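Here is how the chains run, residue by residue.
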Amino acid sequence: MAEQWWKESVVYQIYPRSFNDSNGDGIGDIKGITEKLDYLKELGIDVVWLSPVYQSPNDDNGYDISDYRTIMDEFGTMDDWEEMLDGMHKRGIRLVMDLVVNHSSDEHAWFTEARKSKDNPYRDYYMWHPGKDGQPPNNWGSFFGGSAWDYDEVSNEYFLHLFSNKQPDLNWENKELRQEIYDLMTFWLDKGVDGFRMDVINLISKDPQLPDAEITSPERYQWGGDYFVNGPKFMDYMKEMNEKVLQHYDAMTVGEMPMATPEDGKRYTNEESGIVNMLFQFEHMDVTSGPGGKWDQQPWKLTELKRIISKWQTELHGKGWNSLYMENHDQPRSVSVFGDDGTYRVESAKMLAAWLHFLQGTPYIYQGQELGMTNVYFDSIEEYEDIETLNMYKEEVIEKGKNPQDVIEAIHKKGRDNARTPMQWTNEVNAGFTTGTPWLKVNENYQDLNARKALSDENSVFYFYQKLIRMRKEYPVIIHGDYQLLLENHENLFVYSRSSNDTTLLLAANFSKETCPMTLPEKFNGGEILITNYSDAPKSLDHHSTMRPYEVRAYLL
Ligand code: ISL
Ligand code: CA
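Please read these numbers as outputs of a predicted model, since none were measured by experiment.

Caption draft 1: Structural context of the sheet that holds strand S7 (residues 149-152). Within the open sheet, the three strands sit side by side as S6-S8-S7. Their pairing is antiparallel. Among the strands making up the open sheet, the edge pair consists of strand S6 (128-129) and S7. Relative to strand S8 (residues 157-160), S6 runs antiparallel, the two sharing two bridges. Bridge assignment links Trp128 to a residue of S8, and that residue is Phe159.

Caption draft 2: Focus on the coordination of the calcium ion (ligand 2). The calcium ion (ligand 2) binds to the protein through Asp21 (OD), Asn23 (OD1), Asp25 (OD), Ile27 (O) and Asp29 (OD), with metal-donor distances spanning 2.2 to 2.4 Å. Spacing between the donor residues of the calcium ion (ligand 2) along their common chain follows D-x1-N-x1-D-x1-I-x1-D. Ile27 sits in the buried class, given a relative accessible area of 10%.

Caption draft 3: Local environment of the site of ligand 1. Looking at ligand 1, there are 18 residues lining it, with Asp60, Asp199, Lys294, His329 and Asp330 nearest. Asp60 has a polar side-chain atom sitting 2.5 Å from an oxygen atom of ligand 1. Protein contact buries 94% of the 490 Å² of open area that ligand 1 shows by itself. Residues that form the shell around ligand 1 fall into these classes: six nonpolar, three polar and nine charged.

Caption draft 4: Structural context of the pairing of strand S15 (residues 362-366). In terms of residue burial, S15 counts as a mostly covered element, since five of its five residues are buried. Inspection of the sheet shows strand S14 (residues 323-324) paired to S15 by two bridges, in the parallel sense. Within S15, the residue paired with Leu324 across the bridge is Pro363.

Caption draft 5: Quick peek at the sheet that holds strand S10 (residues 252-256). Spatially, the eight strands line up as an open sheet ordered S11-S10-S9-S5-S2-S1-S15-S14, and their pairing is parallel. Every interior strand has two partners, whereas the edge strands, strand S11 (278-280) and S14, have only one. Here four bridges tie strand S1 (residues 11-14) to strand S2 (residues 47-50), and the two strands are oriented parallel to one another. Within the sheet, the bridge partner assigned to Gln13 lies in S2 and is Trp49. Each of strand S5 (94-99) and strand S9 (195-198) touches helix H5 (residues 175-190); the most contacted strand, S9, lies at about 135 degrees to it.

Caption draft 6: Representation of the side chain of Asn270 in the model. Relative to the assigned elements, Asn270 resides in the loop between helix H7 (262-269) and S11. Asn270 sits in the buried class, given a relative accessible area of 14%. Looking at Asn270, its side chain comes within polar contact range of the main-chain oxygen of Lys266, at 3.0 Å. Looking at Asn270, its side chain comes within polar contact range of the main-chain nitrogen of Ser273, at 2.7 Å. When sequence neighbours within four positions are dropped, the list of residues in contact with Asn270 reads Lys319 and Gly320.

Caption draft 7: Broad picture of helix H15 (residues 461-474). With 14 residues, H15 should cover 20 Å at 1.5 Å per step; its first-to-last C-alpha distance of 20 Å lies within 8% of that length. Of all 14 residues making up H15, 10 are buried, and the element is well covered by its neighbours. Buried within H15 we find Val461, Phe462, Tyr463, Phe464, Tyr465, Gln466, Leu468, Ile469, Met471 and Arg472.

Caption draft 8: Layout of the packing of aromatic side chains. For the coordinates displayed, the defined rule picks out 38 aromatic pairs. Seen in terms of ring centroids, Tyr344 and Tyr550 are 5.7 Å apart; in terms of plane orientation they differ by 45 degrees. Their pairing is tilted. Taken together, the residues span a long stretch of sequence, with Tyr344 in the loop between helix H9 (334-338) and helix H10 (345-357) and Tyr550 in the loop between strand S21 (544-547) and strand S22 (552-556) at a distance of 206 residues. Residue Tyr344 is classed as partly exposed on the basis of its relative accessible area of 23%. Pairing Phe378 with Tyr384 gives two aromatic rings, centres 5.1 Å apart and planes at 65 degrees, and the pair type is edge-to-face. Tyr384 carries the same exposure label as Phe378, and that label is buried. Within the aromatic cluster, the residues linked to one another by ring pairs are Tyr54, Tyr68, Trp81, Trp110, Tyr122, Tyr125, Phe187 and Trp188. Over the ring of Trp5 we find Arg94; its NZ or CZ atom is 3.8 Å from the centre of that ring. Above the plane of the ring of Trp295 lies Lys294, whose end atom (NZ or CZ) is 5.0 Å from the centre.

The rules we used
- Residues numbered from 1 in each chain as written.
- Chains lettered and ligands numbered in written order.
- Predicted model: local features only at pLDDT ≥ 70, side-chain atom pairs only at ≥ 80, totals over all residues.
- Heavy atoms only, no water.
- Pairing = 2+ DSSP bridges.
- Helix = DSSP H or I, 4+ residues; strand = E, 2+ residues; numbered from the N terminus.
- Donors = N, O, S within 2.8 Å, 3.2 Å for Na, K, Ca; no water.
- Buried < 20%, exposed > 50% of the residue type's maximum accessible area, 1.4 Å probe, protein only.
- Near = heavy atom within 4 Å.
- Polar contact = N/O pair within 3.5 Å; in protein donor to acceptor, adjacent residues only side chain to side chain.
- Areas by Shrake-Rupley, 256 points an atom, 1.4 Å probe, with all protein chains shown as cover.
- Nonpolar A, V, L, I, M, F, W, Y, C, P; charged D, E, K, R; others polar.
- Contact = heavy atoms within 4.5 Å.
- Axes fitted to C-alpha atoms, helices over the stretch in contact; angles between N-to-C directions.
- Expected span 1.5 Å × (residues − 1).
- Phe/Tyr/Trp six-rings, centres within 6.5 Å; stacked < 30°, edge-to-face > 60°.
- Lys NZ or Arg CZ within 6 Å of the ring centre and 35° of its normal.

Below is the structure:
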């Protein structure tokens, strides 16, 4: 078996549109990334996951691909990309590309051909179906609102799109289509990429009967996941992909898998019969969602987060591998949700970092997380760009007449643009992201919160991450140790231990503004402190102790 370098790696996610603009057009680009490679090296990360940079009409910022083998004009050229890859490899950084193959753009040549006629050779690359009594073939809703089906006048049929209507779903039943995908993967692997992050990969196989979803909400369209999440041929397709492509390369794979349970996690990531190295699951991100789903944000409970994290830690130990994340380009900023983006911003950003990095799995840092970047609170819908947010606003406010202020508040809490505001490099105009007009407004806190400032302050969140990344290389217990939850029912403190052989690591984190007394079992005494966000924290552990607001401490016993 190949060396499992991905278990010991820390991954940094770049959302290129918002990372760094090299030519002043307001849009981040590949040369802009190359300019910042020393910054990434300084942080110490091992792998970059680059969100899509392929040709795209940008209906969903590159997650709608119109050519899988060329670089988006706005981002630069293939030469720029090669220079970037070289620069990464020279610094010992690996590159994982985004593979978005549940759907393509409707502007992909396959689709423009397919929609020409029912007997076009590319027709079957997509999922076409006649309607039912002038209505879509079934009642499935799209992730981005409305029906998952769009009517096509030319052929009087509908095509399936689980995401926007400019993201038609590819038909994996078609053998030629599958081969096209394996070929494009090979194309990038031969160019030297080190792996793939696979977008909504567990949605690629749909129940061929396309049954109506059970009616579970008062909405017009329903959640059809029973018929396309982990669908009937998902494993077969992935095995074929491994045989035809992946097994011939030393490549890391991470599957994004909405709705995945630990059972799924084990099935898909175990070393004997798994199909990816690790997965992104969503269960812990959903602790803030109420019964109304993503936009129904509710106060969350630490005990619930503990239950979910502990379940995944325990069930996958020795049987699979997980990724560890609290942020990405689809999620709000973690300090704003799980910490405090006011008084305790720095403390809570560090607390979340240490708490995450000492769990078992491969950590992912989303650009700006290493600075403790926060959510953005734009006043008006005009300032938002994300298709999911804009569609939802239109549906709720314009079609259903909801109070716009309530909807904006939901967007403040959960909108994807929270993560997509430009990276804050300096305290200069537009946070040093661009000399032009940024495609999405910069968060106004950049004066105080930026990379330049972090790099000149040895107590910054940045250097805290740097230490954590180093520690993961120094202490094998972080990679391999087993996990035990302590103080299970405590509402503010998250305490766990990791043990292997004769080493125990103890992590105690206060997820609240309260000062909390902490009493641990007696064996948790002594040892030495590894890292903390309060410089005067006790150097060795006393099993009776007090945790201050958002304090975190890790001890090696
Ligand atoms: O963002 C979401 C709401 O929290 C999710 O529903 C998200 O759409 C889902 O996790 C799939 O995400 C991935 O595929 C989408 C793309 O818009 C996301 O950016 C991507 O991460 C379609 O390609
Ligand atoms: Ca640019």
